[in-house]
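Report on the structure
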Amino acid sequence: MANTIQKPAPIFPPRAAPLASLTVTMAVMCYLASLAIGALILINHAVDNWTHGLSREVTVQLRHISDVDPAVQLQQSMQVLSSTAGILKAEPLDRKASLSLLEPWLGKITGEDLPIPQLIRVTLDEAAPPDFVALEKALNTAAKGVSLDTHQRWETELTRAASLLSNLGCGVLALIILASVMLVIFAARAVLEANRQVVGVLELIGAKNSFIARLNDWQFLKTGILAGCVGAVVALLTFYALSATGDSFSQVGQALVFAPQGIQFINLAAFVAVPVVATLLAVVTSRLTLSHMLGQSR
Amino acid sequence: MIELNAVALRYGQGSDVLKDVSFKMEAGDFRFLTGASGAGKSTLLRLLFLALRPSRGQALIFGEDVSNISTRQLPLIRRKLGVVFQDFRLVGHLSVFDNVALPLRVAGQRPADYQRDVIDLLDWVGLKQKAKELPETLSGGEKQRVAIARAVVSKPEILLADEPTGNVDPAMAKRLLHLFLELNRLGTTVLLATHDEQLIAQTKGKVLRLQNGIVKDL
């Protein structure tokens with residue numbers, strides 16, 4: 001014994017507090033947090049895709065007017081569109097394509113007598129889009145019954161809905177973090193209660209509160225890392241599993257796990273943040289709780 | 001070092017356990033604190049190791065008024081005190097070695113720095129062979145010796161001992177008394193609570209006799 005340096009035993013017995021239960025419940029919290037993060041990522045990506053598609057195109061609508069020849073109306077509108085800077089392509093939709101757009105609302109339409117407007121799909125140069133006010137004015141001057149739909153209303157609605165969902169996701173994440181903090185506080189109290197006798201001895205031989213509070217850092221560090229890793233990995237596996245189901249959920253999973261490389265890296269970074277945050281939360285909360293309680297007990 | 005002036009102490013709303021305690025100990029003094037069971041010896045020691053504060057009067061330790069010591073100062077003052085508790089207060093899951101080394105770990109020393117000192121001390125109290133054992137495997141006398149070793153390992157300026165020879169045989173009691181005297185010779189102020197008159201008779205230490213909550217400095 002005299003020749004070898006003895007590694008001192010932990011001052012608090014490692015199994016004296018219910019940290020195994022904390023690890024399991026924290027892992028569940030981390031899993032839920034990872035799911036919420038995945039949902040937030042998907043919402044943001046979906047909104048980006050939708051708004052990108054909507055802002056890249058506008059629609060010109062030609063209503064039926066009794067004294068106007070639809071062919072002339074179309075020709076005049078196409079002339080304006082082709083001569084306007086910032087428009088890459090103008091493509092009139094045939095009647096079949098226009099009817100298919102109405103299908104979600106009106107169902108399958110077979111009659112030929114339904115007066116539906118002629119639509120022109122206009123692809124814009126995103127780097128230098130045209131002045132929409134001037135374009136609409138030019139179209140109205142060239143032909144009667146022509147209007148320009150810039151999809152602004154849809155874009156606003158989508159952005160609003162996405163913002164609502166994002167806020168909801170952030171709220172869920174905040175609740176999960178709050179619940180995790182409460183769990184760690186409860187566990188830290190249990191640790192102190194389980195080691196009350198040892199703490200009493202330490203206080204009487206001159207241990208500072210910071211020394212006693214530090215004694216559990218390693219336990220809470222391990223808890224945070226383990227719970228965070230398990231939660232994040234199981235959540236990723238869930239998204240992989242969803243991507244393989246083949247039903248409507250598969251697209252959700254695929255969008256997340258088989259995203260382009262750059263996006264995938266950001267997605268993974270968000271999941272890696274889960275164990276990091278869980279560990280910080282466990283160590284900092286336990287340290288503050290123990291310091292506070294020890295300060296009260298002196 | 002220690003100065004008590006008309007100190008009284010009561011627990012909660014009860015009657016005074018200590019009524020009028022006045023005495024003074026200078027650096028290097030050696031005193032016995034004696035009195036009948038229940039006279040308040042342990043209470044007086046608890047007051048001196050800052051677990052209690054006086055209800056009335058003034059108690060000074062290292063020149064600091066006990067009533068005014070802040071929680072921040074408390075650990076630093078306690079590190080200058082060595083205490084042997086009557087109920088030992090050993091940490092059950094730590095070995096004899098780790099129990100004795102505990103004050104040094106608390107003070108920030110590393111195992112390489114204190115290992116030699118702890119082993120030497122265990123050798124002196126006759127427990128070197130039991131260094132790796134847990135307290136539950138020790139006899140009452142052995143636990144007492146571990147508690148004493150823990151109290152003196154950090155070479156405290158004041159040593160307070162509550163019945164330190166209560167659980168050991170006369171030979172070991174004599175040996176432990178010599179340890180206390182040796183520490184006192186090296187400069188440690190020692191206050192030893194005991195009702196063992198034979199032990200008191202073996203030294204020339206002064207006696208503080210606690211009777212009816214009053215200390216008469218003999």
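Being a predicted model, the structure only gives us computed values, none of them experimental.

Conventions and cut-offs
- Residues numbered from 1 in each chain as written.
- Chains lettered and ligands numbered in written order.
- Predicted model: local features only at pLDDT ≥ 70, side-chain atom pairs only at ≥ 80, totals over all residues.
- Heavy atoms only, no water.
- Contact = heavy atoms within 4.5 Å.
- Buried area = accessible area lost by both parts, 1.4 Å probe.
- Salt bridge = Lys/Arg side-chain N within 4 Å of Asp/Glu carboxyl O.
- Polar contact = N/O pair within 3.5 Å; in protein donor to acceptor, adjacent residues only side chain to side chain.
- Nonpolar A, V, L, I, M, F, W, Y, C, P; charged D, E, K, R; others polar.
- Phe/Tyr/Trp six-rings, centres within 6.5 Å; stacked < 30°, edge-to-face > 60°.
- Buried < 20%, exposed > 50% of the residue type's maximum accessible area, 1.4 Å probe, protein only.
- Helix = DSSP H or I, 4+ residues; strand = E, 2+ residues; numbered from the N terminus.
- Lys NZ or Arg CZ within 6 Å of the ring centre and 35° of its normal.
- Domains from an automatic or database assignment.
- Pairing = 2+ DSSP bridges.
- Axes fitted to C-alpha atoms, helices over the stretch in contact; angles between N-to-C directions.
- Expected span 1.5 Å × (residues − 1).
- Core = buried A, V, L, I, M, F, W, Y, C linked by side-chain atoms within 4.5 Å.
- Patch = residues over 30% accessible without salt bridge, like charges linked within 9 Å, V, L, I, M, F, W, Y side chains within 5 Å.
- Areas by Shrake-Rupley, 256 points an atom, 1.4 Å probe, with all protein chains shown as cover.
- Parallel < 35°, antiparallel > 145°, perpendicular 65-115°, else oblique.
- Left-handed = near helix turned anticlockwise from the far one by under 90°.

**Looking at the interface of chain A and chain B**
- Taken together, the contacts link 22 residues of chain A with 27 residues of chain B.
- Interface area for chain A against chain B, summed over the two sides, is near 2300 Å², with a carbon-plus-sulfur share of 71%.
- At the junction of chain A and chain B, the tally comes to zero salt bridges.
- There are six residue pairs in polar contact (both at pLDDT 80 or more) connecting chain A and chain B.
- Its residues assigned to classes, the side of chain A that touches chain B comprises 16 nonpolar, three polar and three charged.

**Concerning the packing of aromatic side chains**
All names here are of chain B.
- Tallied over the entire structure, the rule returns four aromatic pairs over all chains.
- Seen from their ring centres, Phe30 and Phe32 are 5.3 Å apart, and the 70° between their planes marks the pair as edge-to-face.
- A relative accessible area of 10% means that Phe30 is categorised as buried.
- On the numbers, 6.3 Å between centres and 40° between planes, the contact of Phe97 with Tyr114 is tilted. Placement of Phe97 in helix H3 (residues 96-106) and of Tyr114 in helix H4 (residues 111-124) is noted, with a sequence separation of 17 residues between them. A single burial state applies to Phe97 and to Tyr114, both of which are buried.
- Sitting above the plane of the Phe85 ring, Arg89 keeps its charged end 4.4 Å from the centroid.
- Geometry around Trp124 places Arg175 over its ring, the cationic atom sitting 5.8 Å from the centre.

**Points about the domain arrangement of chain A**
- Each assigned domain of chain A is listed here: domain 1 (19-51 + 155-297) and domain 2 (64-144).
- Taken over C-alpha atoms, the centre of domain 1 of chain A sits 51 Å from the centre of domain 2 of chain A.

**Comments concerning the sheet that holds strand E3 (residues 118-124) of chain A**
Residues and elements named next belong to chain A.
- An order of E2-E3-E1-E4 is seen for the four strands of this open sheet, with the pairing classed as antiparallel. Single-partner strands in this sheet number two, and they are strand E2 (87-92) and strand E4 (146-149). Along the sheet, successive strands turn relative to each other by an average axial angle of 20°, direction set aside.
- Sheet analysis places strand E1 (residues 57-62) next to E3, joined by six bridges and oriented antiparallel.

**Things to note about the pairing of strand E6 (residues 81-84) of chain B**
Residue and element names in this part refer to chain B.
- In E6, alternate side chains face the same way, and those of Leu81 and Val83 on one face and Gly82 and Val84 on the other are all buried.
- Inspection of the sheet shows E6 paired to strand E7 (residues 158-162) by four bridges, in the parallel sense. Directly across from Val84, in E7, lies its bridge partner Ala161.

**Looking at helix H5 (residues 152-194) of chain A**
- Along its 43 residues, H5 of chain A runs 62 Å from first to last C-alpha, staying within 8% of the 63 Å computed at 1.5 Å per residue.
- Of the positions making up H5 of chain A, those classed as buried are Ala162, Ser166, Gly169, Leu173, Ile176, Ser180, Val184, Ala187, Ala188, Ala190, Val191 and Leu192 of chain A.

**As for the nonpolar core**
- Counting residues in each nonpolar core, the largest one holds 48 residues, and the members touching the most others are Phe12, Met26, Leu202, Ile212 and Phe220 of chain A together with Leu102 of chain B.
- Core analysis: the second largest hydrophobic core is formed by 41 residues, Val84, Leu127, Ala147 and Val152 of chain B among them.

**Observations regarding a nonpolar patch on the surface**
- A grouping of Val272, Val276, Leu280, Val284 and Leu288 of chain A is seen on the molecular surface, where their side chains present a nonpolar patch of about 470 Å² in accessible area.
- Inspection of the secondary structure assignment puts Val284 of chain A in helix H10 (residues 261-297).

**Structural notes on the side chain of Thr34 of chain B**
Residue and element names in this part refer to chain B.
- Relative to the helices and strands, Thr34 is located in strand E3 (residues 30-34).
- A polar contact of 3.0 Å, which involves the side chain of Thr34, links it to the backbone oxygen of Thr194.
- In contact with Thr34, other than residues within four places in its own chain, are Lys41, Thr194, His195, Glu197, Ile200, Val207, Leu208, Arg209 and Leu210.

**Some points on unusual backbone geometry**
Residue and element names in this part refer to chain B.
- Non-glycine residue Ala6 carries a positive phi angle of around 50°.
- Structurally, the position occupied by Ala6 is in strand E1 (residues 2-10).
- Classification of Ala6 as partly exposed rests on a relative accessible area of 41%.
- Phi at Arg89 takes a positive value of approximately 55°, unusual for a residue other than glycine.
- Along the chain, the position of Arg89 falls in the loop between E6 and H3.

**Structural notes on the pattern of salt bridges**
Residues and elements named next belong to chain B.
- On inspection of all chains with the given rule, the structure shows 15 salt bridges over all chains.
- Here Glu142 ties to Lys130 by a salt bridge, and the two come within 2.9 Å at their closest N and O atoms. Taken together, the residues span a long stretch of sequence, with Glu142 in helix H5 (residues 140-152) and Lys130 in the loop between H4 and H5 at a distance of twelve residues.
- A salt bridge links Arg185 to Glu182, with the shortest nitrogen-to-oxygen separation between them at 2.7 Å. Here Arg185 and its partner Glu182 are both found in helix H6 (residues 170-185), three residues apart, which amounts to about one turn of the helix.
- A relative accessible area of 60% means that Arg185 is categorised as exposed.
- Linked by salt bridges that have partners in common, Arg10, Asp16 and Arg56 make up one network.

**So, the packing of helix H2 (residues 70-82) of chain A against helix H4 (residues 132-142) of chain A**
Residues and elements named next belong to chain A.
- Between H2 and H4, the shortest axis-to-axis distance is 9 Å and the interhelical angle comes to 150°. As summarised for this structure, H2 and H4 are arranged roughly antiparallel, according to the angle between their axes. Every pair of crossing elements has a handedness; the one defined by H2 and H4 is right-handed. In this structure, H2 contributes Gln76, Ser77, Val80 and Leu81 to the contact, and H4 contributes Leu135, Ala138, Leu139 and Ala142.

**A few points about the environment of Pro103 of chain B**
Residue and element names in this part refer to chain B.
- Locating Pro103 in the fold gives a position in helix H3.
- By relative accessible area, Pro103 is classed as buried at 8%.
- For Pro103 and Gly166, which are 63 residues apart along the polypeptide, the C-alpha to C-alpha distance reads 23 Å.

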